[in-house]
Amino acid sequence: MALDFLILYEHVVREYESILLLQAELERRGYTAEIRQLLDRKKLKYFTWKKPKVLVASCLYDNEGINSHVYNNVGKLNKVVNLHWEQMLSDTQEEEEWFNFGGNAKKCVQTCWGEETRQRLLAHAVPPQNAPVTGAIMMDFLRPEFAGYYQNKTELCKQYGLDKNKRLLLYISSFGYASMNDTEVQELSDMAGTDFTQFATVNRESMAQTLAWFDTYLTAHPEVELVYRRHPSEWNSEPLEKLAQKHSNFHVIFEDSVKQWIVAADEIFIWMSTAIAEVYFAGKTCHVLRPSPIPHEFDPVIYKNATTITNYDDFAAAAGQPGGAFPIAPAVIEGYFNNNTTPAHKQMADLLEDVHKNPPRDTPFSAGYKPHFNWLKFFALWGVHILHALRFNPQKLHKIAPGFATFAGRIYGYIEKAAVPKKQAAAMRAKIQQFLQ
């Protein structure tokens, strides 16, 4: 029996909670919907008897994206909807073909969180029917209907062994490029057609300076708990480990969604994360820490004219005085994140239902794109998944087979990072069902 919707995700903390909500809403309407990770093993059933009517992608920028996310998972399919998780761009990125979809990616349905993004895509030749505004699903969890969904400060502190009587400071990191070596930065630059070398340098410098601020502040203020919330693409690093070893009240935590930490935190600090919109929709404020200037070509446009903190003294003062005005004008936030009376997951489900019931809006699998199956990736995923099931990291073979260890080890790391245990997934689904209307 054919599947109605197959939903693909990349980053657990960025996407999984939201697509569980979307899946639950689709199932409430009587449809079948399954969730798969981009690096899950490819399965014959999704190409044949369980081929989905609609594929819901995580990101889809060009023909290679169609090939990787669609053709290599389900074969040819013209009903493709992209959840488009990366919508907060810099002014320079907003003009680049990569971020405005190239090739036949323009023929897929590219969802928009707000009217600003829709207008940008229309200006770059994305057909109107392929650029609908749906709102951002992740904001729904901060709506009144979901009051009580997240743990309060006392409950969260108990879960992670933090002192509930201390002020809970949250830092939302975006230092993903600081985790990359020069080779990885170059590979990304080549793929995107943009030189990220300077931005990687800014990442490393800003991270080092920010951690130095934290070091000084935590030394002077043992009465706080500071949680460093890693970005989904950021890895644990030596500087973070050293700071955690030095200060018992500094904690690097990746578990739970950023919204959970936002709801529980007493004070919030941020660098350039789009999670600042979630802070806004949670009815809280925050401070933007910028120890080093971010080149405008990399700074999200939503931060234009934002109020920022550029030195330690101002940071220390802000940390000691909770509250204050929001650092970005509300009109700017709501231009990129539609603040509709209808929850975004219902708007998205309406869109998916329309795509499912009606003829394809466009033809991604047409002239201009030539599909090709990646057999190397197919067999590599099977092999690495077997190693992951055995809990054998290929990096252990680095001395014997360095090439294989590096290649397979990187895949192993991403698989491990994106895995959601069945018990945890079931618990999340059950929790969401309590709030589904």
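Attention in this report is confined to the structure presented alongside it. (Residues numbered from 1 in each chain as written. Predicted model: local features only at pLDDT ≥ 70, side-chain atom pairs only at ≥ 80, totals over all residues. Heavy atoms only, no water.)

## Brief notes about the overall build of the chain
Next, step 1: If you tally the helices and strands in the chain, you get 15 helices and eleven strands.
Next, step 2: A compact globule built from 437 residues should have a C-alpha radius of gyration of about 22 Å, and the chain, at 22 Å, falls within 12% of that.
Next, step 3: Across its three principal directions, the C-alpha atoms of the chain cover 60 × 60 × 40 Å.
Next, step 4: A buried classification covers 54% of the 437 residues belonging to the chain.
Next, step 5: Contacts in the chain between residues at least 24 apart in sequence constitute 74% of all its contacts with a sequence separation of at least 6.
Next, step 6: By element, 55% of the accessible surface of the chain is carried by carbon and sulfur atoms, the whole surface being about 19,200 Å². (Helix = DSSP H or I, 4+ residues; strand = E, 2+ residues; numbered from the N terminus. Rg over C-alpha atoms; globule rule 2.2 N^0.38 Å. Buried < 20%, exposed > 50% of the residue type's maximum accessible area, 1.4 Å probe, protein only. Contact = heavy atoms within 4.5 Å. Areas by Shrake-Rupley, 256 points an atom, 1.4 Å probe, with all protein chains shown as cover.)

## Notes on the environment of lysine 166
Next, step 1: In this structure, lysine 166 sits in the loop between helix 4 (153–160) and strand 6 (167–172).
Next, step 2: Measuring from C-alpha to C-alpha, the distance between lysine 166 and phenylalanine 47 comes to 54 Å, with 119 residues separating the pair along the chain.
Next, step 3: Ignoring sequence-local partners within four residues, the contact set of lysine 166 consists of Lys153, Pro222, Glu223, Val224, Glu225 and Asp266.

## Focus on the pattern of salt bridges
Next, step 1: Enumeration according to the criterion identifies 24 salt bridges in this entry.
Next, step 2: Glutamate 145 is the partner of arginine 143 in a salt bridge, and the nearest nitrogen-oxygen pair spans 3.2 Å.
Next, step 3: Judged by relative accessible area, which is 18%, arginine 143 ranks as buried.
Next, step 4: The partner of aspartate 354 in a salt bridge is arginine 361, and the shortest N-O contact between them spans 2.8 Å.
Next, step 5: When its relative accessible area of 32% is taken as the criterion, aspartate 354 is described as partly exposed.
Next, step 6: On the basis of relative accessible area, arginine 361 is assigned to the partly exposed category, the value being 29%.
Next, step 7: Beyond isolated ion pairs, a larger network of salt bridges with shared partners links Glu25, Arg28, Arg29, Lys346, Asp350, Glu353 and Lys357. (Salt bridge = Lys/Arg side-chain N within 4 Å of Asp/Glu carboxyl O.)

## Observations concerning the environment of arginine 120
Next, step 1: Along the chain, the position of arginine 120 falls in helix 3 (residues 115–123).
Next, step 2: For arginine 120, the residues in contact, after removing those within four places along its chain, are His84, Gln87, Leu89, Glu94, Phe99 and Asn100.

## Quick look at the sheet that holds strand 4 (residues 80–82)
Next, step 1: Pairing is parallel across the open sheet formed by five strands, whose spatial order is 2-1-3-4-5. What marks the edges here is a single partner per strand, and that holds for strand 2 (33–37) and strand 5 (109–110).
Next, step 2: Note that strand 1 (residues 3–9) and strand 2 share five bridges and pair parallel. Across the sheet, the residue bridging to phenylalanine 5 is alanine 33, located in strand 2. (Pairing = 2+ DSSP bridges.)

## Quick word on the sheet that holds strand 7 (residues 224–229)
Next, step 1: Read across the sheet, six strands follow the order 8-7-6-9-10-11 without closing on themselves; strand pairing throughout is parallel. Both outer strands of the open sheet, strand 8 (250–253) and strand 11 (308–309), are each paired with one neighbouring strand and no more.

## Quick notes on the environment of alanine 265
Next, step 1: Along the chain, alanine 265 falls in the loop between helix 8 (258–264) and strand 9 (267–270).
Next, step 2: With 65 residues separating them along the chain, alanine 265 and alanine 200 place their C-alpha atoms 29 Å apart.
Next, step 3: Leave out the neighbours within four places in its chain, and alanine 265 touches Leu168, Leu170 and Lys284.

## Things to note about empty space enclosed by the protein
Next, step 1: What the rule picks out here adds up to three cavities of 30 Å³ or more.
Next, step 2: Each pocket or cavity is described by its volume, and for the largest cavity that value is around 60 Å³.
Next, step 3: Lining the largest cavity, in full, are Leu6, Leu8, Arg36, Gln37, Asp40, Arg41, Lys42, Lys43, Tyr46 and Asn73.
Next, step 4: When the residues that make up the lining of the largest cavity are grouped by side-chain class, the tally is three nonpolar, two polar and five charged. (1 Å grid on protein atoms, 1.4 Å probe; cavity = no way out; pocket = protein on both sides within 12 Å on 5 of 7 lines; lining within 4 Å. Points joined across faces, edges and corners; volume = space filled by probe spheres on them. Nonpolar A, V, L, I, M, F, W, Y, C, P; charged D, E, K, R; others polar.)

## Regarding the side chain of aspartate 4
Next, step 1: Along the polypeptide, aspartate 4 turns up in strand 1.
Next, step 2: Here the side chain of aspartate 4 touches threonine 32 through a polar contact of 2.8 Å, landing on its backbone nitrogen.
Next, step 3: One polar contact links aspartate 4 to histidine 356, side chain to side chain, over a distance of 2.8 Å.
Next, step 4: If we skip the residues at most four places from it in the chain, aspartate 4 touches Tyr31, Thr32, Pro52, Lys53, Val54 and His356. (Polar contact = N/O pair within 3.5 Å; in protein donor to acceptor, adjacent residues only side chain to side chain.)

## Regarding the pairing of strand 3 (residues 52–57)
Next, step 1: Extensive coverage of strand 3 is indicated by the burial of five of its six residues.
Next, step 2: With four bridges connecting them, strand 1 and strand 3 associate as parallel partners. By the bridge assignment for strand 3, phenylalanine 5 is matched with valine 54.
Next, step 3: Here strand 3 runs beside strand 4; their pairing, made up of three bridges, is parallel. Among the inter-strand pairings, alanine 57 is bridged to a residue of strand 4, identified as asparagine 82.

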